Amino acid sequence: RLAYVSSDGVDAARADLADLSDLDRLLAAGALHVLSARDLYGAGGPVDPERVVASVAAATEQAVTDGFGGLAVSADATELVRRPVQRDAFARCEFLVDRYMASHPLSALCGYGLELGNDTVTEFVMLHTTSRSDEARLQVFACADGAIGLAGGCDPVGVATLGRVLPRLWAADGPAIVVDMVGVEYVDHRLLLTLDRYARGNGIAVSLRSAPPLAARASPDHPAWGRP
């Protein structure tokens, strides 16, 4: 089942899809649902990440119950991330939805208008493991067990972006986090220092999982660090 979400409302969403020759059939069969952003994300202000995840999970389960293989959601999220407080909440939402997707038949395609600026777009492009962008080679995603996964190369732009994104994801889930590095192509000191600053600044322990040998040799000499 496909859910198409428009920030301009249901009528605008249907207008976007008017060129589909079988639009009426898809809607009647329940293979396509057309929604407004308000339906999924709430009205106006910063999203409630836990509420959105619960809503998407319920819709995914309903799609399977109705005989579909899962749910695919397409949404323009531009209006949801214009202000800093909105970006903080929506990044957390993306991370939690990603965690759900890791073990459930849900996929999502989020769009962000380039008028948001390069930094903002790069921050959200980074939060998708399947994205392909020269602007965000380092990718951040949620593992099914709750760990923060990293993939790609630790270029300076990516590591700097990670420093801005990381505080939005964890939201005081606990006294420790695990960073899974199995998909990281290479590691340098910038990445390790960024994680170290995050650990020190939040008083939490950061453990590296599947870290390359260099990370073990270069890890900061700090009690917050561990290597499961």
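My aim in this report is to walk through the structure given alongside it, one point at a time. (Residues numbered from 1 in each chain as written. Predicted model: local features only at pLDDT ≥ 70, side-chain atom pairs only at ≥ 80, totals over all residues. Heavy atoms only, no water.)

### Some points on empty space enclosed by the protein
Part 1: Tallying each qualifying case throughout the model produces 1 cavity of 30 Å³ or more.
Part 2: Each pocket or cavity is described by its volume, and for the largest cavity that value is around 130 Å³.
Part 3: For the largest cavity, the lining is made up of 13 residues, of which Tyr41, Val56, Val97, Ala108 and Cys110 are closest to its centre.
Part 4: Residue assignment for the lining of the largest cavity shows that the elements contributing at least two residues are α3 (37–41), α4 (49–65), β3 (71–76), α5 (84–101) and β4 (106–111).
Part 5: Among the elements that make up the lining of the largest cavity, the one with the highest residue count is α5 (4 residues).
Part 6: Classifying every residue of the lining of the largest cavity gives 12 nonpolar, no polar and 1 charged. (1 Å grid on protein atoms, 1.4 Å probe; cavity = no way out; pocket = protein on both sides within 12 Å on 5 of 7 lines; lining within 4 Å. Points joined across faces, edges and corners; volume = space filled by probe spheres on them. Helix = DSSP H or I, 4+ residues; strand = E, 2+ residues; numbered from the N terminus. Nonpolar A, V, L, I, M, F, W, Y, C, P; charged D, E, K, R; others polar.)

### Some details on the packing of aromatic side chains
In this description, an aromatic ring pair is defined by two values, namely the gap between the centres and the angle between the planes.
Part 1: For the coordinates displayed, the defined rule picks out 4 aromatic pairs.
Part 2: On the numbers, 5.5 Å between centres and 65 degrees between planes, the contact of tyrosine 41 with phenylalanine 90 is edge-to-face. Pair noted here: tyrosine 41 is in helix α3 and phenylalanine 90 is in helix α5, with a separation of 49 residues, a long-range link. Each member of the pair, tyrosine 41 as well as phenylalanine 90, is classed as buried.
Part 3: Aromatic side chains phenylalanine 90 and phenylalanine 124 sit 6.2 Å apart centroid to centroid with 50 degrees between the ring planes, which places their arrangement in the tilted category. With phenylalanine 90 in helix α5 and phenylalanine 124 in helix α6 (residues 118–125), the pair connects residues that are 34 residues apart, well separated along the chain.
Part 4: Judged by its relative accessible area of 1%, phenylalanine 124 falls in the buried class. (Phe/Tyr/Trp six-rings, centres within 6.5 Å; stacked < 30°, edge-to-face > 60°. Buried < 20%, exposed > 50% of the residue type's maximum accessible area, 1.4 Å probe, protein only.)

Keep in mind these values describe shape, not function.
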